[in-house]
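Structural overview
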Number of protein chains: 2
Amino acid sequence: MKLTGNLLIGSRQVAGTSGTLYAINPATGEQLEPAYHLGSAADVEQACHLAEQAFDIYRATSPAVRANFLETIARNIEAIGDQLIERAMAETGLPRARLEGERARTCGQLRLFAATIQAGEQNMPRIDLRMPERKPLPRADLRQRRIPLGPVAVFGASNFPLAFSVAGGDTASALAAGCPVVVKGHSAHPGTSELVGQVIQLAVGQCGLPEGVFSLVFGAGSDVGAALVAHPFIQAVGFTGSRNGGVALMRIAQQRPQPIPFYGELSALNPVVLLPGALIEKAAELGRQFVGSLTMGAGQFCTNPGLLVAIDSPSLDLFVASAKNALQESAAQTMLTPGIHSAYAKSTAQVASNNNVEVLGIGLDSTAPNSCRAAFFSTNAQAFLSDSNLHEEMFGSASLLIRCRDENEILQVLQKMEGQLTATLHFVNSDLDFARTLLPILERKAGRILANGWPTGVEVCHAMVHGGPWPATTDSRSTSVGTAALERFLRPVCYQDIPDELLPPELQAENPLAIKRLVDGRGI
Amino acid sequence: MKLTGNLLIGSRQVAGTSGTLYAINPATGEQLEPAYHLGSAADVEQACHLAEQAFDIYRATSPAVRANFLETIARNIEAIGDQLIERAMAETGLPRARLEGERARTCGQLRLFAATIQAGEQNMPRIDLRMPERKPLPRADLRQRRIPLGPVAVFGASNFPLAFSVAGGDTASALAAGCPVVVKGHSAHPGTSELVGQVIQLAVGQCGLPEGVFSLVFGAGSDVGAALVAHPFIQAVGFTGSRNGGVALMRIAQQRPQPIPFYGELSALNPVVLLPGALIEKAAELGRQFVGSLTMGAGQFCTNPGLLVAIDSPSLDLFVASAKNALQESAAQTMLTPGIHSAYAKSTAQVASNNNVEVLGIGLDSTAPNSCRAAFFSTNAQAFLSDSNLHEEMFGSASLLIRCRDENEILQVLQKMEGQLTATLHFVNSDLDFARTLLPILERKAGRILANGWPTGVEVCHAMVHGGPWPATTDSRSTSVGTAALERFLRPVCYQDIPDELLPPELQAENPLAIKRLVDGRGI
């Protein structure tokens, strides 16, 4: 496939006129061809207009048609072959194995959504049957289904160039729900974005869908992004990125004449609590595992373990020594962008210079550009409780251990913490009582709670919650990973006494789609 | 029971210190005893503090315990007996039969939520079983349930002194979901509010629940309301009221350091489209039915039919003549408050004075205070399309007929309309094709679509949607009536590899609550 540097608006390739952008290979600093021609508000307008035109047609398609579309996208992505992996490697500095895994996840995710909407078990229509004889008043026939919200804006994330970018989780769930999608490609990987965008565009044609079902725009800074969120045809937004960027877009979504849902996944520290018994039994092993999770993908995961919490003890010292040893053998890795690298350098330097912080260990250095040297710090609970600087995410392979004097200080630390994507407990049987005490606190702080594991690695399945209370996300009622993600883009509509011939299939008397429905409150 | 004029904060009665308020009998202008002592931000602080203290205990109760609590509230409300009806009549001017019906609905609603959380069919936990042998990586054990958000603020509505006030739909659904509730009672019916509040307070004690599960505050203007929405312990808001008041509170909810969900039900015109065939077959009958719906409860329903849309024809003239006749026999009714009455007078006078509006008919006049004289106006489609003044709600028994030249004008009118709670079609077989064309438009405009009925009368059931796109509500993804209302107050949490002994009952291996669960994507 040929990279053109164009925007993809409906079925067309459009050369933007608002300046150009080149991808940079973060491992070498090299500028990658071609030039990407950036879009303007007029391009956004065109994409949104086509999306709106496509919406009623697309939402009226059967689950089978939408499932086939998602599967076609997956096949088309696979068909790009190595070109996609190589371009993504060049644009992100991520290794081949990681990107191959991410491609598998991306395609698997599309297929899981396809299977899910066809099974129809998760979007149960509700039917309350007519009660003509009821006193004092008869009851009407009432049937509820959920319909898609409308065109959705998706912002590609830097750290998952495939799985949370052009054909990533937000796009897959919005398309599965029946919403056309306008993607703003991330400027760090425009070529990867264009390749995937081209095969989605192809799939739209292959499946005979209206062209506006998908568009891909690029744009500098927040101009195009802000125009997209503000556009009256856009009815919801999926965003994964920085807290500042996400909050700015959220404000736009809230302040529109018609406010719309904004699903932003912003930042998290992902606390890991090491309970005393677990440290006694397996401090050294936990130290090695921790460094494995910390340094995976240069720490550039939303669920990177950025905070450890434990009671001071000889076993904790053993854990620290083990982690320090593992770190010393931990090679520096290329970060995704120069911007992420400099933010990492700045945030770790700030923490390192904090009077209450000790540097416990660091990874191997490198002279290569944009490389991430892992860092492990410690502080004490009182310092953490009183210093909000220590609550800020260091995006990369850096983590802060909070040494507590006792269980009470652990409770204080956890209660003081902001909302998180994940919270993890390491414990053994002797820790069960304290673990039980901690669970209700963690439930209120995080979207996912793990036992004796590490938060990196987010399974795409039905039960996953990749979400959590503010500021982990802007809407704790949702998940951006897993099949429940499609609920973000639906709203209920009730049909009262509508005759069968006008009802959508999922609500018709004969149940032609043969799906489960909640009839008079019972699932049948 | 004795009315005290106090706030109910947890288990205590507290005399507010921020001025006093008397209820006014709108039918007589008479001031009703006792004086209500208004609260301050300090009282809000105290109520929220108790709610937060109660939250973890209350949310850990079983569905059976919460169901018993809801049923106890219903029994206690019934036990107040005629005192409640008489006080509500005096405070609202609503007739006895309406208030007895509303009491039945209020108690029925509490019992329906009780039954719903015990059945557990609507909050299906999700379980993805461990796959230890999966390649390349094993899958962890992943289990998702939804937990309550936290303390909820509820704003009593003026127009449903029982069913959407202290123990109304928002309170019932939040309590059912496991959220403590702090109600701001509506200043138009403080005595009704206190009576119901006292028996909820009683039920909290009878059921052995922590006192903070329920509080009731009164406050002048927006001071207490704004403090409540801004309070950091409050995690969601339920509001039914005016567009201006709702938007002001929504902005506070959005601009908190931690933004929270704001469920506001604001305003609607509830368009009713009369298709040509239906007019030919039953114009006269439709005219009478329309006036019945329009004047019910002095038109003070969120779902009052404020807009009619039809193609000009002799049958439409027959409809108008029939409606006019019915209106001429339609007695003026007391409105809820002097404020609502003067807003009604103002908005109808404004429409009546519009150059493009004709007064088709008016109801009987009355010299009684605050009485609502029904009004029926007409205009043409072009005037409606170009004049946003004609899109504003006239809260009361007033409606505007939009005369269209053809089907195309009907389409334009509907497409131009803002979001609505309901949209209604009257049609017969000969209209089916056009009805089919209209449905996709109406689905995007309204939360509930009715065939051959009238939108007043909102069934409390599983399939109901009392909601809709902005500005009908602030969040189209939800309903404030019906059992789906409790989903507003829940968020998902995923448990990864948590041992059975630490899991909540609904996720345990043995399924001790015997509820349906989505296991590996299949409901079993």
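Right above here is the structure, for reference.
Residues numbered from 1 in each chain as written. Chains lettered and ligands numbered in written order. Predicted model: local features only at pLDDT ≥ 70, side-chain atom pairs only at ≥ 80, totals over all residues. Heavy atoms only, no water.

1. A closer look at the overall build of chain A
Helix and strand content of chain A: 14 helices and 23 strands. Taken along its principal axes, the extent of the C-alpha atoms in chain A is 75 × 65 × 40 Å. Taking all 524 residues of chain A together, 65% fall into the buried category. Of the contacts formed within chain A by residues at least 6 apart in sequence, a portion of 75% connects residues at least 24 apart. Of the roughly 17700 Å² of accessible surface on chain A, a fraction of 52% belongs to carbon and sulfur atoms. With 41 positive and 48 negative side-chain charges, chain A shows a spacing of 4 Å between the two charge centroids. (Helix = DSSP H or I, 4+ residues; strand = E, 2+ residues; numbered from the N terminus. Buried < 20%, exposed > 50% of the residue type's maximum accessible area, 1.4 Å probe, protein only. Contact = heavy atoms within 4.5 Å. Areas by Shrake-Rupley, 256 points an atom, 1.4 Å probe, with all protein chains shown as cover. Lys, Arg positive; Asp, Glu negative; His and termini not counted. Charge placed at Lys NZ, Arg CZ, Asp CG, Glu CD.)

2. Regarding the state of the cysteines
According to the stated counting rule, one finds 0 disulfides over all chains in the structure shown. As a non-bridged cysteine, C494 of chain B has C461 of chain A as the owner of its nearest cysteine sulfur, 6.5 Å distant. Given a relative accessible area of 0%, C494 of chain B falls into the buried group. (Disulfide = S-S within 2.5 Å.)

3. Considerations on the sheet that holds strand β12 (residues 271–274) of chain A
Spatially, the 12 strands line up as an open sheet ordered β15(A)-β17(A)-β18(A)-β13(A)-β12(A)-β19(A)-β20(A)-β21(B)-β6(B)-β5(B)-β22(B)-β23(B), and their pairing is mixed. Whereas interior strands pair on both sides, the edge strands pair on one side only; in this sheet they are β15 (358–362) of chain A together with β23 (522–523) of chain B. One ladder, built from 3 bridges, connects strand β20 (residues 446–451) of chain A with strand β21 (residues 490–496) of chain B; its direction is parallel. Residue pairing for β21 of chain B: I449 of chain A is matched across the bridge by Y495 of chain B. Against the sheet, helix α11 (residues 338–352) of chain A makes contact with β15, β17 (375–380) and β18 (398–404) of chain A, and its axis sits at roughly 35° relative to β17 of chain A, the strand it touches most. (Pairing = 2+ DSSP bridges. Axes fitted to C-alpha atoms, helices over the stretch in contact; angles between N-to-C directions.)

4. Regarding the interface of chain A and chain B
The partner chain B presents 75 residues to the 76 residues of chain A that form the contact. Of the roughly 6400 Å² buried at the junction of chain A and chain B (both faces included), carbon and sulfur atoms supply 51%. Linking chain A with chain B are 12 salt bridges. When the shortest N-O distance is used, the salt bridge between R126 of chain A and E487 of chain B registers 3.4 Å. Counting every contact that joins chain A to chain B gives 56 residue pairs in polar contact (both at pLDDT 80 or more). Secondary-structure elements contributing two or more residues to the side of chain A that touches chain B are α1 (41–59), β5 (126–128), β6 (142–148), α8 (243–255), α14 (432–445), β20, β21 (490–496) and β23 (522–523) of chain A. In the side of chain A that touches chain B, the residues fall into 36 nonpolar, 13 polar and 27 charged. (Buried area = accessible area lost by both parts, 1.4 Å probe. Salt bridge = Lys/Arg side-chain N within 4 Å of Asp/Glu carboxyl O. Polar contact = N/O pair within 3.5 Å; in protein donor to acceptor, adjacent residues only side chain to side chain. Nonpolar A, V, L, I, M, F, W, Y, C, P; charged D, E, K, R; others polar.)

5. Quick notes on the packing of helix α1 (residues 41–59) of chain B against helix α7 (residues 223–230) of chain B
All names here are of chain B. Closest axis-to-axis distance for the α1/α7 pair is 9 Å, and the angle between their directions is 35°. Relative to α7, α1 is oriented so that their crossing is right-handed. When α1 is examined against α7, the residues A41, V44 and C48 are found in contact with a partner set consisting of V224, A227 and L228. Residues that form the contact of α1 with α7 fall into these classes: 6 nonpolar, no polar and no charged. (Left-handed = near helix turned anticlockwise from the far one by under 90°.)

6. Focus on the sheet that holds β23 of chain A
Here 12 strands make up an open sheet; going across it, the order is β23(A)-β22(A)-β5(A)-β6(A)-β21(A)-β20(B)-β19(B)-β12(B)-β13(B)-β18(B)-β17(B)-β15(B) and the pairing mixed. The outermost strands of the open sheet, each flanked by one partner alone, are β23 of chain A together with β15 (358–362) of chain B. Strands β12 (271–274), β13 (307–311), β15, β17 (375–380) and β18 (398–404) of chain B of the sheet are contacted by helix α10 (residues 314–328) of chain B, whose axis makes an angle of about 45° with β15 of chain B.

7. Overview of empty space enclosed by the protein
Empty space among the atoms can be located by rolling a probe the size of a water molecule over them. One pass over the full model with this rule turns up 8 cavities of 30 Å³ or more. One number sums up the size of the largest cavity: a volume of about 890 Å³. Surrounding the largest cavity, 38 residues form its lining, R146 and E487 of chain A together with Q122, R146 and E487 of chain B being those nearest its centre. Of the residues assigned to the lining of the largest cavity, the class counts are 13 nonpolar, 10 polar and 15 charged. A volume near 120 Å³ is recorded for the second largest cavity. L269, G306, E393, M394 and A398 of chain A are the residues nearest the centre of the second largest cavity, which is lined by 18 residues in total. Looking at the lining of the second largest cavity residue by residue, the class counts come to 11 nonpolar, 5 polar and 2 charged. (1 Å grid on protein atoms, 1.4 Å probe; cavity = no way out; pocket = protein on both sides within 12 Å on 5 of 7 lines; lining within 4 Å. Points joined across faces, edges and corners; volume = space filled by probe spheres on them.)

8. Digging into helix α3 (residues 82–92) of chain B
All names here are of chain B. Along α3, the residues that are buried comprise L84, I85, R87, A88, A90, E91 and T92. Buried residues along α3 sit in contact with β3 (20–24), β4 (31–37), α2 (63–80), α4 (96–119) and α6 (190–206). With its phi angle positive at about 75°, G93 sits one or two positions after the end of α3.

9. Digging into the environment of H37 of chain A
Residues and elements named next belong to chain A. Within the element layout of this structure, H37 appears in strand β4 (residues 31–37). Here the alpha-carbon distance between H37 and G521, two residues 484 residues apart in the chain, equals 54 Å. Not counting chain neighbours up to four residues away, the residues in contact with H37 comprise G5, N6, L7, A15, G16, G19 and T20.

10. Focus: the pattern of salt bridges
This model, assessed by the stated rule, comprises 52 salt bridges over all chains. The residue D170 of chain A makes a salt bridge to R488 of chain A at a minimum N-O spacing of 2.9 Å. Of this pair, D170 of chain A sits in helix α5 (residues 169–177) while R488 of chain A sits in the loop between β20 and β21, and the two are 318 residues apart along the sequence. Overall, D170 of chain A belongs to the buried group, its relative accessible area being 3%. A relative accessible area of 2% places R488 of chain A in the buried class. The partner of R96 of chain B in a salt bridge is E100 of chain B, and the shortest N-O contact between them spans 3.2 Å. Of this pair, R96 of chain B and E100 of chain B both sit in helix α4, 4 residues apart, which is roughly one turn of that helix. Each of D56, R59, R145 and E506 of chain A together with E443 of chain B takes part in salt bridges that share partners, so that together they form one network.

11. Here's the deal with the packing of α4 of chain B against helix α5 (residues 169–177) of chain B
Residues and elements named next belong to chain B. Remark: α4 packs on α5, axes separated minimally by 10 Å, with the N-to-C direction vectors making an angle of 20°. Taken as axis vectors, α4 and α5 run roughly parallel relative to one another. Between α4 and α5 lies a crossing whose hand is right-handed. Of the residues in α5, those touching α4 at Q109, L110, F113 and I117 are G169, A172, S173 and A176. Its residues assigned to classes, the contact of α4 with α5 shows 5 nonpolar, 3 polar and no charged. (Parallel < 35°, antiparallel > 145°, perpendicular 65-115°, else oblique.)

12. Points about the relation of the copies chain A and chain B
Overlaying chain A with chain B gives an RMSD of 0.0 Å, the required rotation being 180° about an axis along which the chain moves by 0.0 Å. Put plainly, the chains are arranged around a two-fold axis. By C-alpha distance to the rotation axis, the residue of chain A lying nearest is Q254 of chain A, at 3.7 Å. A share of 99% of the interface residues of chain A reappears at the interface of chain B, consistent with the copies meeting face to face through the same patch. (Least-squares fit on C-alpha atoms with pLDDT ≥ 70 in both.)

13. What to know about the pairing of strand β7 (residues 152–155) of chain B
Residues and elements named next belong to chain B. Burial along β7 is two-sided: V152 and V154 facing one way and A153 and F155 facing the other are all buried. The pairing of β7 with strand β8 (residues 181–184) spans 4 bridges and is classified as parallel. Residue pairing in the sheet places V154 in a bridge with V183 of β8. A crossover connection joins β7 to the parallel β8 through α5; in handedness this β-α-β unit is right-handed. Bridge analysis of β7 against strand β10 (residues 236–240) gives 4 bridges, and the strand direction is parallel. Within β10, the position partnered with V154 by the bridge is G238. (Right-handed = clockwise from strand over helix to strand, strands pointing away.)

14. Let's talk about the nonpolar core
Membership of the largest hydrophobic core comes to 78 residues, with the highest contact counts inside it found for F69, I73 and I77 of chain B. Leave out the neighbours within four places in its chain, and I73 of chain B touches L110, A167, L175, I200 and A203 of chain B. Judged by nonpolar contacts, the second largest core, of 77 residues, contains Y58, L70, L110 and L195 of chain A. (Core = buried A, V, L, I, M, F, W, Y, C linked by side-chain atoms within 4.5 Å.)

15. Some words on α11 of chain A
Residue and element names in this part refer to chain A. Helix length check: α11 (15 residues) gives 21 Å between terminal C-alpha atoms against 21 Å at 1.5 Å per residue, within 8%. Turning to α11, its buried residues are I340, Y344, S347, T348 and V351. Looking straight down α11, one finds its buried side chains confined to an arc of 95°; they lie on one side. Buried residues in α11 make contact with β16 (371–372), β17 and β18. (Expected span 1.5 Å × (residues − 1). Arc of directions from axis to C-beta.)

On their own, these measurements won't tell you what the molecule is for.
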